[in-house]
Amino acid sequence: MRPLHEQQRRDLQRYGFDEELQQRWQKDVAEGRLSKATNAVSGDLLAPPPGTVHKQPSRATKAHADLEQLGLEAIRRGALGVVVLNGGMATRFGGVVKGTVPVLSSSRTFLGLSAEDLRRHGEVPLYCMNSFATDAATRAHFAAHDNFGLREDAVEHFTQSVAVRMNERGELLTLESGEASPYGPGHGDFAASFRGCGALRRFLERGGRYLLVRNVDNLGARVDPVVL
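Residues numbered from 1 in each chain as written. Predicted model: local features only at pLDDT ≥ 70, side-chain atom pairs only at ≥ 80, totals over all residues. Heavy atoms only, no water.

1. Details of helix α5 (residues 135-144)
Structural remark: α-helix, 3.6 residues per turn; residues separated by three or four positions point the same way. Those residues of α5 that fall on the buried side of the exposure criterion are D135, T138, H141 and F142. Take α5 and look down its axis: the buried residues cluster within an arc of 130 degrees, on one side only. For α5, exposure combined with an orientation more than 90 degrees from the buried face picks out A136, A143 and A144. Tucked inside the fold, the buried residues of α5 contact β1 (80-86), α4 (110-119), β2 (126-130) and β3 (155-159). Remark: D146 follows α5 within two positions and exhibits a positive phi of approximately 50 degrees. (Buried < 20%, exposed > 50% of the residue type's maximum accessible area, 1.4 Å probe, protein only. Helix = DSSP H or I, 4+ residues; strand = E, 2+ residues; numbered from the N terminus. Arc of directions from axis to C-beta. Contact = heavy atoms within 4.5 Å.)

2. Some details on the confidence of the model for the protein
Per-residue confidence for the protein gives a mean pLDDT of 91; residues scoring 70 or more make up 99%. Across the protein, the secondary-structure element scoring lowest on mean pLDDT is helix α1 (residues 6-13), at 88, and the one scoring highest is helix α7 (residues 199-205), at 97. (pLDDT = per-residue confidence, 0-100.)

3. Digging into the pattern of salt bridges
Under the counting rule described, the total for this entry stands at 16 salt bridges. The closest approach of N and O atoms between R120 and D117, which form a salt bridge, is 2.5 Å. Of the residues examined, R120 reaches a relative accessible area of 46% and is grouped as partly exposed. (Salt bridge = Lys/Arg side-chain N within 4 Å of Asp/Glu carboxyl O.)

4. Details of α4
Counting buried residues in α4 gives eight out of ten residues, a clear majority hidden from the surface. Residues F110, L111, G112, L113, S114, A115, D117 and L118 constitute the buried set of α4. Its buried side turned inward, α4 meets β1, β2, α5 and β6 (210-215).

5. A closer look at the sheet that holds β3
Strands sit in the order β3-β2-β1-β6 across an open sheet of four strands; the sheet is parallel. Among the strands making up the open sheet, the edge pair consists of β3 and β6. Averaged over neighbouring strand pairs, the angle between their axes works out to 20 degrees when direction is ignored. Bridge count for β1 against β2 is five bridges, and the pairing is parallel. Pairing of V83 across the sheet is with Y127, part of β2. Contacting β1, β2 and β6, α4 crosses the sheet at an angle of about 175 degrees to β1. (Pairing = 2+ DSSP bridges. Axes fitted to C-alpha atoms, helices over the stretch in contact; angles between N-to-C directions.)

6. Here we look at the side chain of T109
Within the secondary structure, T109 sits in the loop between β1 and α4. In contact with T109, not counting residues within four places along its chain, are G99, T100, V101, P102, V103, H141 and F148.

7. Re the nonpolar core
In terms of nonpolar packing, the biggest core is built from 19 residues, with V82, L118, L126 and F142 touching the most fellow members. Here this core gets five residues from one element, more than from any other, and that element is α4. Grouped together as the second largest cluster of nonpolar side chains are nine residues, V83, L85, Y127 and F203 included. (Core = buried A, V, L, I, M, F, W, Y, C linked by side-chain atoms within 4.5 Å.)

Set out below in structure tokens:
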């Protein structure tokens, strides 16, 4: 199997590239262990059983007020953090980093609105998971807007992992430049990336207990003391 260029290997390793895992995937694809046939669900897909999903009490009830108070107290203690999944390849929205795009006719961007939601609840820490393709532009966007009013120590950027594309024979796909074609492997690596960069440890050390994890373009996923 064609090896990576040394310079590209070093560049990818900055973002947690696991070359041993990549080679194992290539071997598994080449030998048929990773394929469409082996990536199918074999069991039954079932809805959650009755009683596992609970409705919130209505706003006019004492139960709602009690839950809201508990949530606000937890936020004041620093128990809550928000993770914005801002990775991927920056190939949508005209090839720019989605989080930096203004929303509708507003001048406020997806990332700006994320920060605005946190400011409503004090200094809830924001953890922004970028990719090798979105990291530089995202950091520059925050810097250009003075962290959107959030304290410097209330915002932490980290990156998801990176992998290299391959064909159905397990061979690396290469660009016209001769370099391999890297990609962000989705957001399923959040937990490992959050732990690996030390952000989980720092979150726990500051009293954190709960994380709201949301996509950068999901503006409906807002901090809600009652849900917390």
